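# Summary of structural features
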Amino acid sequence: MEWLAIMNIIGGLVLAVGIIGALPGIGKFLAKAGKFLGGFQIIIGIIMFIFGLLDLFSLQGFVAFVVGVVLLTGVFYVIPFLGKYLEKFGKWLGGFQGIIGIIAIIVGLIGLF
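Just so you know, these numbers come straight off a predicted model, no measurement behind them. Starting from 1, residues in each chain are numbered consecutively following that chain's sequence as written. Local features in this predicted model are restricted to residues of pLDDT 70 or higher, and side-chain atom pairs are both shown and tallied only at a pLDDT of 80 or more, whereas totals for entire chains, interfaces and linings draw on every residue. Hydrogens and water molecules were not included; the side-chain quantities draw on all heavy atoms of the structure.

### Remarks on the packing of aromatic side chains
Ring pairs (aromatic) are described by centroid distance and by the angle formed between their planes. Planes of paired rings set the category: under 30 degrees apart is stacked, over 60 is edge-to-face and the rest tilted, where pairs are Phe, Tyr or Trp rings (Trp by its six-membered ring) whose centres lie within 6.5 Å. One pass over the structure, following the stated rule, counts 4 aromatic pairs. Centroid distance Phe36 to Phe40: 5.4 Å. Interplanar angle 70 degrees. Geometry classified as edge-to-face. Members of the aromatic cluster, joined through ring pairs, are Phe89, Trp92 and Phe96.

### Some thoughts on the nonpolar core
We call a set of buried residues a nonpolar core when its members are Ala, Val, Leu, Ile, Met, Phe, Trp, Tyr or Cys and they connect through side-chain atoms within 4.5 Å of each other. Each residue is assigned to one of three classes by its accessible area relative to the maximum for its type, calculated with a 1.4 Å probe on protein chains only: buried under 20%, partly exposed between the two thresholds, exposed over 50%. Core analysis: the biggest nonpolar cluster contains 28 residues, and Ile44, Met48, Phe49, Val67, Leu71 and Ile100 have the highest contact counts within it. Each helix corresponds to a stretch of at least 4 residues labelled H or I by DSSP, and each strand to a stretch of at least 2 residues labelled E; elements are numbered beginning at the N terminus. When residues of this core are traced back to their parent elements, those giving at least two are helix H1 (2-15), helix H3 (27-38), helix H4 (41-54), helix H5 (59-71), helix H6 (83-94) and helix H7 (97-112). Counting residues per element, this core draws most heavily on H5, at 8 residues. If we ignore the near neighbours within four places in the chain, the residues touching Ile44 are Met7, Ile10, Gly11, Val14, Leu37 and Leu71. We call two residues contacting when some pair of their heavy atoms lies within 4.5 Å.

### Observations concerning H4
Over its 14 residues, H4 runs 20 Å from end to end, which matches the ideal 20 Å to within 8%, given 1.5 Å per residue. Residues of H4 that are buried: Ile44, Gly45, Met48, Phe49 and Gly52. Down the axis of H4, the buried side of the element spans an arc of 130 degrees, and every buried residue falls inside it. Turned more than 90 degrees off the buried face of H4, the exposed positions are Ile43 and Leu54. Where H4 is buried, its residues contact H1, H3, H5 and H6. Expected helix span is taken as 1.5 Å per residue step, with the number of steps being one fewer than the number of residues. Working definition: the arc comes from the directions between the helix axis and the C-beta atoms, pointing outward to the latter.

### Points about the side chain of Thr73
Tracing the backbone through its elements, the reader meets Thr73 in the loop between H5 and H6. Its relative accessible area of 12% is what places Thr73 among the buried residues. Pairs of N or O atoms within 3.5 Å make up the polar contacts considered here, provided that, within protein, one atom can donate a hydrogen while the other can accept it, and that residues adjacent in sequence are counted only when both atoms are side-chain atoms. Within the local environment of Thr73, its side chain forms a polar contact with the backbone oxygen of Val69, the two atoms lying 3.1 Å apart. At a separation of 3.5 Å, a polar atom in the side chain of Thr73 contacts the main-chain carbonyl oxygen of Gly90. Excluding anything up to four places from it in sequence, Thr73 contacts Glu87, Gly90 and Lys91.

### Observations regarding a nonpolar patch on the surface
In this analysis, a patch consists of residues with relative accessible area above 30% that form no salt bridge, clustered at 9 Å for like charges and at 5 Å for the nonpolar side chains Val, Leu, Ile, Met, Phe, Trp and Tyr. For accessible areas, the Shrake-Rupley method is used with a probe of radius 1.4 Å. Any residue's cover is judged against the shown protein chains and nothing else. Salt bridge, as used here, is a side-chain nitrogen of Lys or Arg placed within 4 Å of a carboxyl oxygen of Asp or Glu. A contiguous nonpolar patch, built from Phe36, Phe40, Ile42, Ile43, Ile46, Ile47, Ile50, Phe51 and Leu54 and spanning about 850 Å² of accessible area, is present on the exposed surface. Examining the composition of the nonpolar patch, we find that 7 residues originate from one element, H4, more than from any other. Mapped onto the elements, Phe51 comes out in helix H4.

Without other data, these values stay purely geometric and don't point to any function.
In structure tokens:
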């Protein structure tokens, strides 16, 4: 599913915005794109969370789910019952935000080819 690969690249850019700027040449452009996309973090997170759940047992789907959880960490408190557990899981994963973002970009690029 190439939409999922594209969403993994977009979500990865949002998560890795602090790291991606260090790339020579194209890093500044990618960091700008990641900062711009960061304004749509909730929307991107919802899309990735849902599509990741729908295709959870593939690599693209699992990565999309994890990226969606990290992007939606601050919003999970509104979900009854599971919300507090998802929020704790998202906060723990937030410590690996840059690494998860780089992995999402790589998995997304692999999924396009």
